[in-house]
Amino acid sequence: MAAFSAGRHRLKRLCTFGVQIPRRHFTAECDYDLVVIGGGSGGLACSKEAAQLGQKVAVLDYVEPSVRGTRWGLGGTCVNVGCIPKKLMHHAAVLGLAMEDSGRFGWRLPGPVSHDWATLAQAVQNYVKSLNWGHRVQLQDRRVKYLNVKGRLGDAHTIAGLDSRGREMTLTAKNIVIATGGRPKYPTHVPGAREFGITSDDLFWLKESPGKTLVVGASYVGLECAGVLTGLGLDTTLMVRSVALRGFDQQMARLVTGHMEAHGTRFHWGCVPTSVEKLPSGLLRVKWVEVERVEQEEREDVFDSVLWAVGRAPDTAGLNLPEVGVQLDPDTGKIVVATDERTTVSNVYAIGDVAEGRPELTPTAVQAGKLLARRLAGQSSQLMDYENVPTTVFTPLEYGCVGLSEESAERRYGRDNIEVYHAFYKPLEFTIAERDASCCYIKVVCERASAQRVLGLHFTGPSAGEVLQGFALSLRCGLTYAQLQDAVGIHPTCAEELTKIHITKRSGLDATVTGC
Ligand code: FAD
Ligand code: NA7
């Protein structure tokens with residue numbers, strides 16, 4: 001058995017869920033080789049991989065209902081209240097746009113079309129439930145013990161569990177992986193925020209349309225939710241405290257928000273809400289102020305729903321981590337991890353959103369989980385590489401990127417040492433439809449030195465994620481600008497524009513792509 005941590009020795013008796021559990025005296029035997037707390041993207045991938053490699057594994061997954069009372073099943077954030085329902089609803093909005101275009105392509109639709117939220121929500125929820133079931137079956141097939149139990153560390157090898165009926169259990173494990181993810185935050189100083197607001201934990205499970213909605217927060221969760229609502233024809237306002245998509249390339253962020261503004265999302269820039277109050281009509285009156293204004297004149301409007309997208313907090317409360325010796329980052333509350341995902345307790349690991357400094361994305365949680373399982377099973381020593389992870393923001397104008405933003409490249413290499421190639425292109429499908437293509441843009445950030453290694457790729461336009469996935473791989477393989485130019489495009493696509501890019505920002509030449 002792995003050496004016990006100092007944390008374990010410090011604990012004489014452990015308090016779990018209000019009851020004292022006796023300290024365990026370990027022999028070489030544990031109930032499991034691995035216990036994973038959290039059955040989301042990272043936890044499921046890790047537990048399945050470990051079991052496949054012959055480890056005896058249990059995974060605990062327990063969903064605390066949202067503040068509003070929304071509940072869901074196995075699979076974590078991505079499956080239930082994140083990527084999957086979000087992308088399906090985004091697709092519903094994209095279909096709406098396609099319907100608008102279709103007349104020009106010869107389709108005759110019978111009368112005005114409208115959208116029915118209940119039908120979409122039901123379909124999305126049914127699909128999500130099928131995924132919940134699929135995960136249960138997979139765990140069973142791979143002989144992973146699934147426990148619908150809320151876990152908490154007793155000591156470095158002991159997990160105390162509590163199920164929804166209040167029954168307690170204790171498991172022991174050689175290794176423990178914490179993969180408990182995060183949950184949406186509410187603002188702390190806005191009266192009525194928790195009482196009357198919803199979050200992304202609720203939106204996709206609403207049986208009825210949220211109606212006229214205020215979305216607060218302009219990171220990608222806020223923008224994506226506002227984009228979906230606008231795309232489904234709802235009156236949508238987005239309140240932005242400072243900038244949109246902080247951390248992303250800001251020129252690209254402005255294209256995304258410019259496109260949203262032009263297509264019906266109302267923006268309140270530089271504003272923060274001060275109160276939410278429920279009127280006798282059931283409507284929510286929201287008051288807000290401008291952040292920069294000296295005399296804080298309050299403005300107000302009424303909404304059917306207020307959706308907070310003001311960030312996410314790691315789900316570590318109640319895990320008993322500091323008591324066991326697992327260190328948390330004092331600023332973020334996330335678990336401090338080493339490059340091999342190890343926490344400050346030698347046999348306790350953390351992966352995914354709950355781990356400090358990791359991208360909050362499903363594929364990184366999944367990959368980190370699998371690689372960790374292989375290392376724990378003694379099959380590999382490969383570490384997760386968190387560099388150059390691609391991502392896409394599924395706003396109405398999709399934005400995909402990998403590598404450095406122009407700002408980050410400038411900071412790291414200096415303005416004079418980078419070359420930025422760019423192009424405004426027109427997707428073929430926009431031509432007959434007469435859609436505005438002024439926001440369809442590509443940017444390739446390169447080192448200026450001879451090989452011109454590509455540092456970052458940025459793309460706005462249709463199917464941005466599909467376009468960038470392959471290029472992201474080439475960037476990880478050391479892509480240079482010359483190789484990009486040598487690549488043979490696939491015609492006629494938006495992706496091929498990346499292979500044709502040749503105008504540098506420095507030249508000041510018009511970057512509009514003309515002709516084939
Ligand atoms: P999670 O998937 O959150 O799983 C953690 C699980 O642990 C949960 O089921 C939780 O209930 C459970 N748990 C917590 N505490 C305990 C406990 N004490 N005992 C037992 N179980 C516990 N990522 C992308 O890559 N692409 C996207 O398009 C994308 N869209 C997103 C959209 C939204 C609206 C949101 C909110 C997120 C999105 N993400 C997206 C991020 C992605 O969902 C997360 O990065 C990913 O789910 C993190 O996986 P995880 O394993 O760390 O945690
Ligand atoms: P982020 O990335 O933490 O962004 C939070 C956003 O909310 C950001 O625009 C903030 O503005 C804004 N914010 C935060 N607090 C407030 C208050 N009190 N009032 C108004 N606006 C506020 O969170 P997300 O949930 O969007 O995304 C988190 C991850 O989840 C993401 O990486 C995905 O992988 C999934 P600021 O820029 O600080 O001014």
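Here, every reference points to the structure presented above.
This is a predicted model, so every value here is computed, not measured. (Residues numbered from 1 in each chain as written. Chains lettered and ligands numbered in written order. Predicted model: local features only at pLDDT ≥ 70, side-chain atom pairs only at ≥ 80, totals over all residues. Heavy atoms only, no water.)

Draft legend 1. Geometry of the packing of aromatic side chains. Applying the stated rule across the entire model yields six aromatic pairs. Judged by centre distance (3.8 Å) and plane angle (10°), the rings of Tyr421 and Tyr481 are stacked. Taken together, the residues Tyr421 in strand 22 (residues 418-424) and Tyr481 in helix 15 (residues 481-486) connect sequence positions 60 residues apart. Among the aromatic residues, those joined into a cluster by ring pairs are Tyr220, Phe248 and Tyr399. Cation over ring: Lys212 sits above Phe303, and NZ or CZ is 5.1 Å from the ring centre. (Phe/Tyr/Trp six-rings, centres within 6.5 Å; stacked < 30°, edge-to-face > 60°. Helix = DSSP H or I, 4+ residues; strand = E, 2+ residues; numbered from the N terminus. Lys NZ or Arg CZ within 6 Å of the ring centre and 35° of its normal.)

Draft legend 2. Region of the structure containing the pairing of strand 3 (residues 32-37). Counting buried positions along strand 3 yields five of six residues, so the element is predominantly enclosed. Bridging between strand 3 and strand 8 (residues 168-178) involves five bridges; their strand directions are parallel. If you follow Tyr32 over to strand 8, its bridge partner there is Ala173. Direction of pairing for strand 3 relative to strand 4 (residues 57-60): parallel, over a ladder of four bridges. Among the inter-strand pairings, Ile37 is bridged to a residue of strand 4, identified as Leu60. (Buried < 20%, exposed > 50% of the residue type's maximum accessible area, 1.4 Å probe, protein only. Pairing = 2+ DSSP bridges.)

Draft legend 3. A look at the sheet that holds strand 14 (residues 271-278). In space, the three strands of this open sheet follow the order 14-15-16, with antiparallel pairing throughout. The two strands at the open ends of the sheet, each matched to only one other strand, are strand 14 and strand 16 (299-303). When strand polarity is set aside, the average angle formed by the axes of neighbouring strands in this sheet is 25°. In terms of strand pairing, strand 14 meets strand 15 (residues 284-290) through seven bridges, oriented antiparallel. The residue of strand 15 that forms the bridge with Cys271 is Glu290. (Axes fitted to C-alpha atoms, helices over the stretch in contact; angles between N-to-C directions.)

Draft legend 4. Representation of the site of ligand 1 in the model. In the vicinity of ligand 1 there are 37 residues, among which Gly42, Asp61, Thr77, Lys86 and Asp353 approach most closely. Between ligand 1 and Lys86, the relevant distance is 2.8 Å, taken from an oxygen atom to a side-chain nitrogen or oxygen of the residue. Within the backbone of Thr362, an N or O atom sits 3.0 Å from an oxygen atom of ligand 1. In isolation ligand 1 has 1,000 Å² of accessible area, and contact with the protein removes 94% of it. Among the elements of the structure, helix 2 (41-52), helix 3 (76-81), helix 4 (83-102), strand 6 (149-155), helix 8 (220-231) and helix 11 (362-376) are those that each provide at least two residues to the shell around ligand 1. Considering every element that reaches the shell around ligand 1, the biggest residue donor is helix 3, with four residues. (Near = heavy atom within 4 Å. Polar contact = N/O pair within 3.5 Å; in protein donor to acceptor, adjacent residues only side chain to side chain. Areas by Shrake-Rupley, 256 points an atom, 1.4 Å probe, with all protein chains shown as cover.)

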